[in-house]
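One letter stands for each residue in the lines below.
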Amino acid sequence: MSDSLAVEIAVIGAGPVGAALALRLAAAGIATAVIDRAPLPPMEHPAFDGRAYAIAAGSRRLLEAAGLWQRLPDPPGPIAAIRVSDGKLDRPASPLFLHFDIAEIGHDVGDGAAFGWMVEARSLRRALNAALAEGGLAEGALPGRPLHLFAPAEAEIVRNAHGAEITLNGGKRIACRLVVAAEGRESPLRRQARIPVTRFPYRQSGIVAAIAHEYPHHQTALEHFLPAGPFAQLPMAANEAAEHVSAVVWTERPALAAHLMTLDDAVFGAEIARRLGDHLGAIRPIGRRWLYPLSALHAHRYYDQRLVLVGDAAHGIHPIAGQGLNLGFRDAITLADLLIDAASRGEDPGAPALLARYQRALRGANLLMLAATDVLDRLFSNDMPPLRLARDVGIALVHRLPPLKRFFIRQAMGGAFAKG
């Protein structure tokens, strides 16, 4: 392998957002390097681990354009209906509820329409690994796939007005015209560029798990609001673990969440049943359990000299709406469109004007989503009677007003980037 390489774009971080962006650019013929300090996870023994992503319609189109959707080794589970309710632990849900059905907007899930799709985390990772490997292992890109992969690799990056030079451990040098920071919430590149960040800590933890259940879920998702925070049951496709499977994501106070993680499967399943109800019949936990501290953040700007932030490096929100990864994919969609258009015109991909257009296209909507999820969490994660009454009435009102309901349906399908 040569000691030097020249590409247009270098993406730092091979997570879902960074990898999907790199593959989309490579599919459009733009020479791209992907660099990650960690090795790609080994796939020799891919076991179900209980984690899954809710992929919106707009995000699916990015994955299709990047050649990933068709590579998923396990079938995605469509979400054809969403039910929103409010309640208290060990009590029936409020009779005032909100129900969305894909048929309400003239679609049938059999035609491929859905609010979104549940994709197992391991399935997406396997698709990403396979696509990255095909495009850039060992001697570089295959013909027609100008993608170069370096993982594991440590990178030292020097940016100037004309481009950037990346030196990898081992001496490899990569010249590029734009660096994309896709390294997550604690992005070293964002810190290096001295881009300020506002953080919003929540006194909550998120528990992620999966359950097998006796009755089919009929592709229906449940969002049940409890005083400690939202509890979500998300329908997944059948897999080797069980015929009827759902992901569970719920919010608890940190001390209780830590305690729940220590319970045996029988008691842990009983705690899930207390929140879920009995409409899915008997349940049992499957796979691993995951615990995450919850917080939000927002970068004050999305770019610097020859540098642009995407995904969690730019923003992070409360998971109450399940849109965190989809916001990152929207970053990738917007940036890819701008870079592909610039390439077709022979323009500089790192030009400040282009990066400013990227920021203008996204920053306002991302701030609005951060504010909305923050308000929703504060409104629903409490047990104050006046607020409980107000939110129950609000839920029922949306259910009975078709124009407002269609607006929320559009948001559930991925907002403004779910057109087409």
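Just above, that's the structure.
The structure presented is a predicted model; accordingly, all values stated were derived computationally and were not measured.

### A look at the packing of helix α1 (residues 16-27) against helix α2 (residues 57-65)
In helix packing, the relevant descriptors are the interaxial angle and the interaxial distance, both defined with respect to the helix axes. Orientation of α1 relative to α2, taken along the N-to-C sense of each, is 55 degrees, at an axis distance of 8 Å. As far as their axial angle goes, α2 and α1 are oblique. Together, Ala20, Arg24 and Ala27 of α1 and Leu62, Leu63 and Ala65 of α2 make up the contact between the two elements. Looking at side-chain class alone, the contact of α1 with α2 contains 5 nonpolar, no polar and 1 charged residues.

### Some details on empty space enclosed by the protein
A complete count under the given rule lists 1 cavity of 30 Å³ or more for this structure. Each pocket or cavity is described by its volume, and for the largest cavity that value is around 50 Å³. If you go around the largest cavity, the residues you meet are Asp74, Pro75, Gly77, Met118, Val119, Glu120, Ser123, Met236 and Ala237. A total of 3 residues in the lining of the largest cavity trace back to one element, the largest contributor, which is strand β8 (residues 116-120).

### Regarding the side chain of aspartate 331
When you line up the elements, aspartate 331 lands in helix α7 (residues 324-345). Lacking a salt bridge, the buried aspartate 331 has arginine 330 as its closest oppositely charged neighbour, with an N-O distance of 5.5 Å. One polar contact links the side chain of aspartate 331 to the main-chain amide nitrogen of glycine 311, over a distance of 2.8 Å. Apart from residues no more than four positions distant in its own chain, aspartate 331 is found in contact with Val310, Gly311, His315, Tyr358, Leu362 and Asn366.

### Quick look at the nonpolar core
One finds Leu68, Ile166, Ile174 and Val180 to be the most contacted residues of the largest nonpolar core, which totals 74 residues. No other element matches α7, which puts 9 residues into this core. Those residues within four positions of valine 180 in sequence are excluded, and the remaining contacts are Ile9, Ala10, Val11, Ile12, Leu21, Val308, Val310 and Leu335. Grouped together as the second largest cluster of nonpolar side chains are 23 residues, Ile82, Val84, Ala247 and Ile320 included.

### Observations regarding the packing of α1 against α7
At a minimum axis distance of 9 Å, the contact between α1 and α7 shows a crossing angle of 25 degrees. Judged by the inter-axis angle, α1 sits roughly parallel to α7. The two elements α1 and α7 meet at a crossing, and its hand is right-handed. Between α1 and α7, the residues in contact are Pro16, Val17, Ala20, Leu21, Arg24 and Leu25 and Leu325, Gly328, Phe329, Ala332, Leu335, Ala336, Leu339 and Ile340, respectively. Residues that form the contact of α1 with α7 fall into these classes: 12 nonpolar, 1 polar and 1 charged.

### A few points about the layout of surface pockets
Size it by volume and the second largest pocket reaches roughly 440 Å³. Ala93, Leu222, Leu276, Gly277 and His279 are the residues nearest the centre of the second largest pocket, which is lined by 26 residues in total. When residues of the lining of the second largest pocket are traced back to their parent elements, those giving at least two are β6 (81-86), β15 (220-226) and α6 (265-276). Here the lining of the second largest pocket takes 5 residues from β15, the largest share from any one element.

The rules behind the values
By convention here, each chain's residues receive numbers from 1 onward along its written sequence. With pLDDT at 70 or above as the cut-off, local features in this predicted model cover only qualifying residues; side-chain atom pairs require 80 or more to be listed or tallied, and sums for whole chains, interfaces and linings still use all residues. Here the side-chain values reflect all heavy atoms present in the structure, with hydrogen atoms and water set aside. In this analysis an axis means a line fitted to C-alpha atoms, helices contributing only their contacting stretch, and an angle means the value between N-to-C directions, from 0 to 180 degrees. Here a strand is any run of E in DSSP of at least two residues, a helix any run of H or I of at least four, and the numbering for each starts at the N terminus. Any angle that is under 35 degrees is reported as roughly parallel, and any over 145 degrees as roughly antiparallel; angles of 65 to 115 degrees are reported as roughly perpendicular and all others as oblique. Contacts are assigned to residue pairs with any non-hydrogen atoms lying within 4.5 Å of each other. Under the scheme applied here, ten amino acids are nonpolar (Ala, Val, Leu, Ile, Met, Phe, Trp, Tyr, Cys and Pro), four are charged (Asp, Glu, Lys and Arg), and all others, including Gly, are polar. Cavities and pockets are defined on a 1 Å grid built over the protein atoms alone: a cavity is a set of grid points where a 1.4 Å probe fits but cannot escape, while a pocket is an open set with protein on both sides within 12 Å along at least five of seven lines, and lining residues are those with an atom within 4 Å of any such point. Grid points are joined across faces, edges and corners, and a volume is the space filled by probe spheres set on the points. For every residue, the accessible area obtained with a 1.4 Å probe (protein chains only) is divided by the maximum for its type, and the residue is called buried under 20%, exposed over 50%, and partly exposed between those limits. Under the counting rule used here, the positive set is Lys and Arg, the negative set is Asp and Glu, and His together with the chain ends is not counted. By definition here, a salt bridge exists when the distance from a side-chain nitrogen of Lys or Arg to a carboxyl oxygen of Asp or Glu is within 4 Å. Here a polar contact means two N or O atoms within 3.5 Å. Within protein one must be a hydrogen donor candidate and the other an acceptor candidate, and residues neighboring in sequence count only if both atoms are side-chain atoms. Only buried residues count toward a nonpolar core. Its members are Ala, Val, Leu, Ile, Met, Phe, Trp, Tyr and Cys residues joined through side-chain atoms within 4.5 Å. The handedness criterion is simple: a crossing whose near helix is rotated anticlockwise from the far helix by less than a right angle is left-handed, and one whose near helix is rotated clockwise is right-handed.

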